[in-house]
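The chain contents come next:
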Amino acid sequence: MAERLKFALFGNVYQAKKSASVELLISLLTMRRAELYIDTAFYNYLTQELHIDVKPTGLISDRDFQADIVISMGGDGTFLAAASRVGNKNIPILGINMGRLGFLADISHKEIKECIDDIYNRTYKIDERSVIEVRYDGPQLSGFPYALNEVAVLKRDNSSMISIHVEVNGEFLATYQADGLIVNTPTGSTGYALSVGGPVIEPQSGIFCITPVASHSLNARPITLGDQAELALTVESRNHNFLVAIDGRSESCTEATRLILRRAPYNIKVLQRKSHSFYSTLREKLMWGTDPREESC
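Definitions and limits used
Residues numbered from 1 in each chain as written. Predicted model: local features only at pLDDT ≥ 70, side-chain atom pairs only at ≥ 80, totals over all residues. Heavy atoms only, no water. Helix = DSSP H or I, 4+ residues; strand = E, 2+ residues; numbered from the N terminus. Buried < 20%, exposed > 50% of the residue type's maximum accessible area, 1.4 Å probe, protein only. Contact = heavy atoms within 4.5 Å. Core = buried A, V, L, I, M, F, W, Y, C linked by side-chain atoms within 4.5 Å. Salt bridge = Lys/Arg side-chain N within 4 Å of Asp/Glu carboxyl O. Pairing = 2+ DSSP bridges.

Novice: Lay out the environment of lysine 269 with the relevant residues and their values.
Specialist: Locating lysine 269 in the fold gives a position in strand β19 (residues 268-273). Residue classification places lysine 269 among the buried positions, given a relative accessible area of 19%. For the pair lysine 269 and proline 92, spaced 177 residues apart in sequence, the C-alpha separation works out to 4.6 Å. When near neighbours in sequence (up to four residues on either side) are disregarded, lysine 269 contacts Asn90, Ile91, Pro92, Ile93, Ile126, Asp127 and Glu128.

Structure (structure tokens):
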């Protein structure tokens, strides 16, 4: 008898044109007699908006769930949201891409069947990704304090730049006069940090990167640190507050809040096909090393 696996499904509720991928996935899991638990908001979207007939084993309304595999259907933002729900549960996450560009969600529609076969045949690989933990020395914030991609400290509005004082393992590093500062994992190096000049980092590098946003100093450049370092950030602002964005989830902070960043005591497991390669993804997604002059010849 085939193994009966338990899947938890999370998805983007703004991609109606991609319903074929959802229907294919549900059909494949139904044929395998899998247990399927669906995020409540996504289930309502599938049944009420897309009119897909799906009868899940159960619904998920919070972080209190268990599964053998988590499936994220959407882009990288959907994957990050799913990762925050998984937390330290040690459940592998499979990202099915329903958008245009995805580094975490990189399984295409045409690969769904083969990927489900890989799962049942156990011919896949698990990529361990480091996570940043955020602690607050001062007023506490309410959001989930873990980031798979990055933690960004940003000015709150169109006011003048902010000053971010950074310490590494208790030693002063620098004061950044900028619109903000990003501390990212290797996973986050192809996200927000890349758009402001940060380096691309191989996922298993074991480092963090600090990158200023619109720095007001020409000698402020990205710097990489071992991910065993502990960072302390304090901020000065004319309006006495700033934003903290943790994987895109932002909250307002006051100057009285000091941020302590360090590697979390758990990793996020990314389920990938055995043929997956970080370097081929760079070439395909970012056109890495492509010379546009060759295409115009």
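Novice: Go over the nonpolar core with me, naming the residues and quoting the values.
Specialist: Residues Phe7, Leu25, Ile71 and Ile119 are the most contacted members of the largest nonpolar core, which totals 31 residues. Those elements giving two or more residues to this core turn out to be β1 (6-11), α1 (19-31), β2 (35-39), α2 (40-49), β4 (69-74), β5 (93-97) and α4 (112-121). With residues near it in sequence (within four places) discarded, isoleucine 71 still touches Phe7, Ala8, Leu9, Phe10, Leu25, Leu29, Leu94 and Ile96. In this structure, Ile164, Val168, Leu233 and Val235 belong to the second largest nonpolar core, which totals 28 residues.

Novice: Account for the pattern of salt bridges, with residues named and values stated.
Specialist: Under the criterion given, the structure shown has 15 salt bridges. Across the pair arginine 32 and aspartate 117 runs a salt bridge, and its minimum N-O distance is 2.7 Å. Of this pair, arginine 32 sits in the loop between α1 and β2 while aspartate 117 sits in helix α4, and the two are 85 residues apart along the sequence. Assessed through its relative accessible area of 21%, aspartate 117 is described here as partly exposed.

Novice: I'd love a proper account of the environment of serine 142, names of residues and values included.
Specialist: With respect to the secondary-structure elements, serine 142 resides in the loop between β7 (132-137) and β8 (146-147). A C-alpha to C-alpha distance of 40 Å links serine 142 and threonine 123, two positions 19 residues apart in sequence.

Novice: For the pairing of β7, give the residues involved together with the corresponding values.
Specialist: Pairing of β7 with β8, which is carried by two bridges, proceeds in the antiparallel orientation. Bridge pairing in β8 places glutamate 133 opposite tyrosine 146. Pairing of β7 with strand β18 (residues 258-263), which is carried by six bridges, proceeds in the antiparallel orientation. What sits directly across from glutamate 133, in β18, is arginine 262.

Novice: Please set out helix α3 (residues 76-86) residue by residue, giving values where relevant.
Specialist: The buried fraction of α3 is high, at eight of 11 residues. Downstream of α3 by one or two residues, glycine 87 has phi in the positive range, about 55 degrees.

Novice: Tell me about unusual backbone geometry, and please be specific about residues and values.
Specialist: In this model, asparagine 90 sits at a positive phi of 70 degrees, which is unusual for a non-glycine residue. The topology assignment puts asparagine 90 in the loop between α3 and β5. The residue arginine 122 is not glycine, and still its phi comes out positive at about 55 degrees. Structurally, the position occupied by arginine 122 is in the loop between α4 and β6 (124-129). Under the relative-accessibility criterion, arginine 122 is labelled exposed at 52%.

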